[in-house]
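What follows is the residue order along each chain.
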Amino acid sequence: VAAAALVVHAALFFGAFDRAYFENNSTDGRHYRVIAENVLAGHGFTLREEPPYAPDAVRTPMYPLFLAGVKTVTGSYFFSLYLALLLGIAVPLVGMRLASLLCHDRRVWMVTGLVLALDWHVFYYSFIYGSEGLFLPVVSTAVLLSALALAKRSWKWSLAAGAAFGLAVLTRPIVQFLPVLFSAVAITSLWRSSRRRGFAMAGAFAAMFFLVASPWLSRNVRTFGELDYSSVGWFNMYTRVAAHAEAIHFNRPFDGMRLEYLQRLYDKGYVTKQPVEEREVFGFD
């Protein structure tokens, strides 16, 4: 399965696209690279390309630090795509291991692995400058470790799962509520047989999760006065998801529709500056 994933992804990576494609189709990858450049230059975790270097409140640190590390070692951000390609191979392997916990039929394991090895999304996110390429293998590994912790009823595996989810939330904050879910499952599943073990597992998971995430949370409290991972809120859903849906519905370009949605925020009184810049709707205030 790993070989199939490597062959398929590498063939598409090197055969179907050129470097210009990677540079021009990077979602918000340029922003991550700007932050990485500022980190390397000693300007801090900021999206500003000139003074004053105001700290960024939107993006979490793992992917910019990943890019900065790759640039330091190799001299180019492009090598981060090679690493993302290799990391993406872990996703079908993790899927196979998860399948083995649910089913004893090896054919099911193989089918699960092959489906994930050929999945378009896993491939796509491994060749763009976006945090998804790092997030997918990290979060899938975290899910596997959580499943193993529950299957083995082990607080030690819970520590590993909590650490992995801590790294995942620092890559993309969407998993920030997983400690609550894991704790609920651990405690309720062991309520009759061993409540103490269930609470120990929940406590180990939560402690390691917040230990890994605490430096970033502390930074946001000190800098912005907010105990949160990111300032992205409903405005992001509005100007991205809702605008995208309406653009598809009316067969219009997304960029134009997004600007129209930003203007609507001004018309409704949510922001006061005109024209509206996207950074204005991403602050904690």
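Figured I'd write up the structure that's included with this text. This one's a predicted model, so the numbers in the text were calculated from it and none came from an experiment.

### Digging into the overall build of the protein
Each helix and strand counted, the protein has 14 helices and zero strands in total. Seen in sequence order, the protein has helices and strands lined up from the N terminus as α-α-α-α-α-α-α-α-α-α-α-α-α-α. Taking 285 residues into account, the globule formula puts the C-alpha radius of gyration at 19 Å, and the protein, at 21 Å, falls close to it. With the C-alpha coordinates of the protein rotated into their principal frame, the extents come out at 60 × 50 × 45 Å. Taken over 285 residues, the protein has a buried fraction of 41%. Of the side-chain charges in the protein, 26 are positive and 20 negative, and the distance between the mean point of each set is 15 Å.

### Remarks on the environment of Arg59
The topology assignment puts Arg59 in the loop between α3 (29–41) and α4 (62–74). According to the relative accessible area criterion, Arg59 is buried, its value standing at 10%. Measuring from C-alpha to C-alpha, the distance between Arg59 and Leu170 comes to 8.9 Å, with 111 residues separating the pair along the chain.

### Comments concerning the side chain of Ser80
Tracing the chain through its elements places Ser80 in helix α5 (residues 79–88). Residue Ser80 is classed as buried on the basis of its relative accessible area, which comes to 1%. In contact with Ser80, other than residues within four places in its own chain, are Tyr63, Phe66, Leu67, Val70 and Tyr129.

### Examining unusual backbone geometry
Following Pro51, the chain continues to Pro52 via a peptide bond in cis, the omega torsion being 0 degrees. With respect to the helices and strands, the residue Pro52 is situated in the loop between α3 and α4. The backbone of Arg153 sits at a positive phi, close to 55 degrees, despite the residue not being glycine. Turning to its location among the elements, Arg153 is positioned in the loop between α9 (132–152) and α10 (155–169).

### Considering the packing of aromatic side chains
Applying the stated criterion across every chain, the model contains 11 aromatic pairs. On the basis of an interplanar angle of 45 degrees and a centroid distance of 4.7 Å, the ring pair of Tyr238 and Tyr261 is categorised as tilted. With Tyr238 in helix α13 (residues 234–249) and Tyr261 in helix α14 (residues 254–267), the pair connects residues that are 23 residues apart, well separated along the chain. Linked through ring pairs, Phe165, Phe182, Phe205, Phe209 and Phe210 together constitute an aromatic cluster. The ring centre of Tyr32 lies 5.8 Å from the NZ or CZ of Arg59, which sits over that ring.

Criteria and thresholds
- Residues numbered from 1 in each chain as written.
- Predicted model: local features only at pLDDT ≥ 70, side-chain atom pairs only at ≥ 80, totals over all residues.
- Heavy atoms only, no water.
- Helix = DSSP H or I, 4+ residues; strand = E, 2+ residues; numbered from the N terminus.
- Rg over C-alpha atoms; globule rule 2.2 N^0.38 Å.
- Buried < 20%, exposed > 50% of the residue type's maximum accessible area, 1.4 Å probe, protein only.
- Lys, Arg positive; Asp, Glu negative; His and termini not counted.
- Charge placed at Lys NZ, Arg CZ, Asp CG, Glu CD.
- Contact = heavy atoms within 4.5 Å.
- Phe/Tyr/Trp six-rings, centres within 6.5 Å; stacked < 30°, edge-to-face > 60°.
- Lys NZ or Arg CZ within 6 Å of the ring centre and 35° of its normal.

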